Each structure stands twice: as structure tokens, then as C-alpha cells.
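# What the coordinates show
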Amino acid sequence: MADFSEESFFKKLLSYPLEMSKVKVVNLVKKFDKTVAVNGISFNVKDGEFIVLLGPSGCGKTTTLRCIAGLETPDEGEIYIDDRMVNDLPPKDRDIAMVFQSYALYPHMTVYGNLAFPLKMRKYPKQEIDKRVREVAKLLRIEELLDRKPRQLSGGQQQRVALGRALVRNPRVWLMDEPLSNLDAKLRVYMRAELKKLQKDLKITTIYVTHDQAEAMAMADRVAVMNKGKILQYDEPRHVYERPANLFVAGFIGSPPMNFIKASIIEKDSRIILDAGFFQYELEKDLGEVVKKGASGSEVIIGFRPEHIALSKEKDANSVFQADVYVIEPMGSRIVVDLKAGEYLLKAVTPPTVEIPPSGQKVWVGFPVEQLHVFDAKTEKALI
Amino acid sequence: MVNWEKTASIILVGLMLIFTLFPLYWLIVTSFKTRLEVIGGVVFIPHQLNWMNYYRPLFEDVYGAYLRNSFILSIAEIALCLPPGILAAYAFSRLKFKADNHFLFWFLTNRMAPPAAFLIPYWVLYTYLNLFDTIYGLIIINSIGNLPFVIWVLKGFIDAIPGDIEEAAYIDGYTFWQMLRKILLPLLRPAIAVCSLFVFIFTWNEMLFASLLTTSPAAMPLTGGLLHYMSQIWVNWSEIAALSVVANLPVIIVIYFLQKHIATALTFGAVR
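Residues numbered from 1 in each chain as written. Chains lettered and ligands numbered in written order. Predicted model: local features only at pLDDT ≥ 70, side-chain atom pairs only at ≥ 80, totals over all residues.

### As for the overall build of chain A
We apply this condition: Each helix corresponds to a stretch of at least 4 residues labelled H or I by DSSP, and each strand to a stretch of at least 2 residues labelled E; elements are numbered beginning at the N terminus. To sort residues by burial, count the other C-beta atoms lying within 10 Å of each one's C-beta; a count of 20 or more means buried, 12 or fewer means exposed, and anything in between means partly exposed. C-beta atoms are built from the backbone.
In terms of regular secondary structure, chain A is built from 10 helices and 20 strands. Dimensions of chain A along its principal axes, counting C-alpha atoms only, are 80 × 45 × 40 Å. Across the 384 residues of chain A, 39% fall into the buried class.

### A look at the sheet that holds strand β18 (residues 344–350) of chain A
All names here are of chain A. Stated formally: At least two DSSP bridges between two strands are required for those strands to pair. Simply put, an axis is a line fit to the C-alpha atoms, just over the touching stretch for a helix, and the angle between two N-to-C directions goes from 0 to 180 degrees.
An order of β15-β19-β16-β17-β18 is seen for the five strands of this open sheet, with the pairing classed as antiparallel. Edge strands, defined here as strands with exactly one partner in the open sheet, are β15 (310–312) and β18. Strand after strand, the sheet turns through a mean of 45° between neighbouring axes, direction not considered. Here β15 pairs with strand β19 (residues 362–366) via three bridges, running antiparallel. Of the residues in β19, the one forming a bridge with leucine 311 is valine 365.

### Quick look at the pairing of β18(A)
Residue and element names in this part refer to chain A. When strand β17 (residues 335–341) meets β18, the two strands line up antiparallel, connected through seven bridges. The partner of aspartate 338 across the bridge, within β18, is lysine 347. Hairpin geometry of β17 and β18 is characterised by an intervening segment of two residues between the two adjacent antiparallel strands and by a positive phi of about 60° at glycine 342.

### Looking at the nonpolar core
Here is the rule: We define the nonpolar core as any set of buried residues of the types Ala, Val, Leu, Ile, Met, Phe, Trp, Tyr and Cys, connected via C-beta atoms lying within 7 Å of each other. Domain segmentation is taken from an automatic or database assignment of domains. Two residues qualify as a contact pair if the distance between their C-beta atoms, derived from the backbone, is within 7 Å.
By size, the foremost hydrophobic cluster in this structure holds 132 residues, and its most contacted members are Val52(A), Ile68(A), Met98(A), Leu175(A), Ile207(A), Val225(A) and Leu154(B). Among the elements that line this core, the one with the most residues is helix α9 (residues 176–205) of chain B, at 13 residues. The two domains that each donate at least three residues to this core are domain 1 (9–95 + 171–251) and domain 2 (256–376) of chain A. Other than its neighbours up to four places away in sequence, Ile207(A) contacts Val23(A), Val45(A), Ile51(A), Leu53(A), Leu65(A), Ile68(A), Val173(A) and Leu175(A). Membership of the second largest hydrophobic core comes to 21 residues, among which are Leu73(B), Tyr122(B), Tyr126(B) and Leu243(B).

### Some remarks on the interface of chain A and chain B
How we decide: Ten residues, namely Ala, Val, Leu, Ile, Met, Phe, Trp, Tyr, Cys and Pro, are considered nonpolar, four, namely Asp, Glu, Lys and Arg, are considered charged, and the remaining ones, Gly among them, are considered polar.
Facing 18 residues of chain A, the contacting portion of chain B comprises 16 residues. Every element with two or more residues in the side of chain A that touches chain B is listed here: β6 (96–99) and α3 (111–121) of chain A. Its residues assigned to classes, the side of chain A that touches chain B shows 13 nonpolar, two polar and three charged.

What follows is the structure, given as C-alpha cells:
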């Protein structure tokens, strides 16, 4: 087992320098027949940054990545790698490396052959090829597999070979298309950390596509949350979680997802109250002003995360409304409690130390005002 | 105790083997018989190997030329049908173009149509175009049946190869033609071998056009020649048998050497 404690452990293994690059995507549009896969997105990636394109299937994240790779031709917009427009460059001239979901190893070549393949094309001398292949194999701990064919490898080993192939020729940008999704859950969590460590240590600019929000949160420097061909929010994972820009992002990030309740804004004696029917929530004056000013109508959606809910048998200062305990799902480290309130089924997450009344009984639900989200029902934009 | 199941299967397999192998045995035995042995009753083992039955038609008659023509024709078919077949199969498998499915179906129907239906038109056409009684005339007409076959088989194989692998090669710095050479062709090797084998066999066995669109030893393949042998005044069964053995040999030899690939090709899908 390698010793990861040293800061640039990985880098010391490589005799060749690794490059970093900026990537800029401006107003990218890609259509397939009549469906618009990517609808005018723009973002930039800094030197050595790890960004994740996150979204449900069909949101255009993979298409975006393929456009950057040069495997698809954009219909509109520009793609820059290091201030050079690469729209018209074929993939081979873009100096990028890509890790595919299926790994796409060459089945008829050994691991060594797979790793050497990108170098052979670039006419490296044999010795240099051998040196680099062995360095990368050592770095990824696949040295003893060099003579095997891909089908003789486990999923995790194939994954490493695919990473190695992307690493061996020192590309400007790493593109990764759901590289971990074919691994079993345990290995995925393990590789997640390893991949992040590798990227941070080598400082390779990386664009990573996934539909797994946990993966995005864990790995990314910045996350671009995508839906229907658009980027809805592009920010650090912490901000995306704490301050989602709209309803979709709020619902997509976090597990279990955020609870949403429809409400209308009521003004009473210059106080601003959110009325959800089965409870009312009074906003502090300045917050209320912000909500009132931002809202396009009187309809809003209140959002609060399951993990921010406090449950109590007796009413206390934080309590907002009363709900029925519906189902209790003990997870070991935490308890997920399904609650029935009005027409809603809500989820709450509590530490196992909290005592929950059995299903059917009533419980008080509360959440701190700092953790409250309010979205415009029509525009779905976050108001606070 | 008698294992009935086993006994029954041995008998069944034995019967099937007799059914398939006896004609071959009879052909080989007859090819070595003298004329007297052929017409003078049932002889299972000739008293000596009469090699003249092979020598005379091949070296003293024109059948050597027919054999040569068969080889030229079959090998030319492989050389002519496989390169465009691979590219066309790739196009049908990977690319989207207008009416691609219609083209593919049209190619296939070329293969499905009964060749005899086109015999007269071709006969007339070939006479006009001076293609009558030429090897390249036969090469062209065989390609019309073989090319669709090649395209159809290879398309299936290419469909089974994940596109990611090609794209990975592009990203690793390869152009289409380099990718074709380094990735696709090696992966298609069993398929190409099997296609070549079948094209060889189809062409080698083709008799209708061979016997009617050619007449001279300069162009006629062995199948046509064998047919014409029958029309002579008397039938030398031993020589026909000898020529039939000669006609069978290349196919048997090719299959023997390619059987590993045939097995691979039939259990395809194991590319991953």
C-alpha cells in the first residue's frame, strides 16, 4: 500500500511534468435533430480545478463533455482550451484525455498496450514509453497487471487502467464521464477519495460528469448543476447545498431531498406571514421584505432540509407545526423519519439519540430560520 | 445393464455420419477406380490407386485451367468484396445518413433475389459489354451477391463493438484510418476471416453464372466445367469423381484452418 501522507507523493512518481489548463465554454448549443441537448451554457474552469457537471440523465452534461472532447460538433458557441478556440480541432489535436463510463479499454491489447497506445501515436521513443507506462502503473498500483488483457481484470482494475491511459501522456485536461458508476458501491466510495487525491496532487484540470450528487459534493471544487440543457447553478458544493439558486437545485442536492411545501404570502399589520394551510410561519421583517419584493406573485414554496428538522414531543420555541409519524427508517448512524402533515409526506433526519414516538403518534416539527428556503412558485427562483 | 440413451445416441449419430460421409467416401473411392471397376458392380475398395483419373483431366485436358480460374475468381472476390464491405458495414453501423436503412435493405435484397431471374438480362448485357466469357465478368456478377453478405455480417460484428472504444482512440490521438487499422480491424479479425471463408465458398461453389456466362478455358471455373463434362458422349465417372474431389479440397482445407475463427465468430459478443 502506498503512503499517501506526503503532499506530492503522486507527483514524485512521475518523471514528466504535468500541464494545467483553463477551459472556457461560451454559449454552447448542441441539438440532435430537433431535441436541444445543450441549450446555451457557459462556464469556465480554472487551472488545476476539479469541476463536476451534475444533473439527471438527459440534462446535457455528457453532451457538453463530448463537445469539449471534440466527439460532438457544437451547433453554436465556442470552446476554449487555454484561450485557444478548439471548435474546429479534431479530438486528437485538443490534447485532452477522457475516461469513459465503460472504460473503453482496447480489448485486444494488454494493459501495457493500452497504456502505451496514446504514446505510440505521438512517436515517443520506446524507452520513454516503457518508462512512463511503468511509472503510471506504479502510481495506480497496476504494475502486476501489465501483461493481462482487460477482460481478465476486475471492474476496479479496469477503472485504474482507464485512468492510467488518461494520465500517461500528460494531457491538458482530464474529462471523465461517470467513471465510477460501473463500480460496486463500496469500491465507488473508495475510488472517489482516491481519484480526488490523485487530481489534487497532480493538479490536472478536470471536468467530471455524474448524476450522483454525493459524488459531486465529495469531489468537486465547483459544481455545475444542469437540467434540460442549462446550467442552473455553478458554485462551490457548500454553496450549492446551503444556498440553492432555485427549486431544481434544492431538490437535486441532498439525500433525502429537501422538503417542499406550497404557501402563500400574507401581509398582516405590516407583518409578512407564509401561509401553508396547516401552519403559518411568520418571517422576520427584513427577510419578509426580501421575499415580498422578489416574489412574482403571492404563491411561494417553502423548503427545508430533512437534516435541519428538529423533532420534539412537546412544543418548543423552534416548533412550527405538528405532524403524524408515518414510518421510521433506522439507518444506524441516523434515523429517517417520514412525517405526514396536511397533504404532504415529509422526511426528517435525526441522530439516533433522539427519541421518536412510534408511528401514528403526533410530533412537533421545527426548523431554524437560517435553514429556511423560500422559492417563487412560478419562476422557481430562490427568494431567500 | 444397457444404457439405452447412450446406445440410441450412438446409433443416431452413426446413421447421420453414414448419411453425410458415405457420399464423400464413395466419391473418393470412385475417383481412384478404373473404368471396369465403375461399371462392373459394387466395389468398396479399388484394387489400386489409379492417379491417372486426376492427372489426365487436369494436365492433359483443360480442367487445370478451370481449376486455376476458380482460384482466381474466389480470391479476387475476397480481395474485392472485403475492403469496401468493411467500410460499408462501418458506415451502416455507425453513421447516420439519408435513407440508410433503405440502402441496407436494398443491398440485402440483392442477395435474396433468385439469381436465375437475372440470368437472361445478364447474358444479353454481358454480350453487349463484351463481358461474356471473361473472368472479370464473373467477378463482377459474384460481387453482387457477396458484397451484401459481407456488409450484413460485418455490420452485426461492428454493432457489437462499443463505440466508446473508437472514441477513446480518437482522443488518444488517432485518425479514423489509424483507428481502423489499430483497433477495428484487429477486433474484427475473426469476422473478417469468417467472411472471407464464406465468400470463398460461395464463389467457389457458384455454378449457374459460371456455367452459362463463360464457355472457354480462359474464363470458365471448375463448377462450370464439371457440368459440361456430363454432356460429352460418354461419361467417365472416375474422372468426374476425381475432379469433384479436387473441387472439394480447397474448401475443406480452408475450413480446417479457419475453424478456430469460426468458433470465435459464432460465440461473438465476447469482445468486452
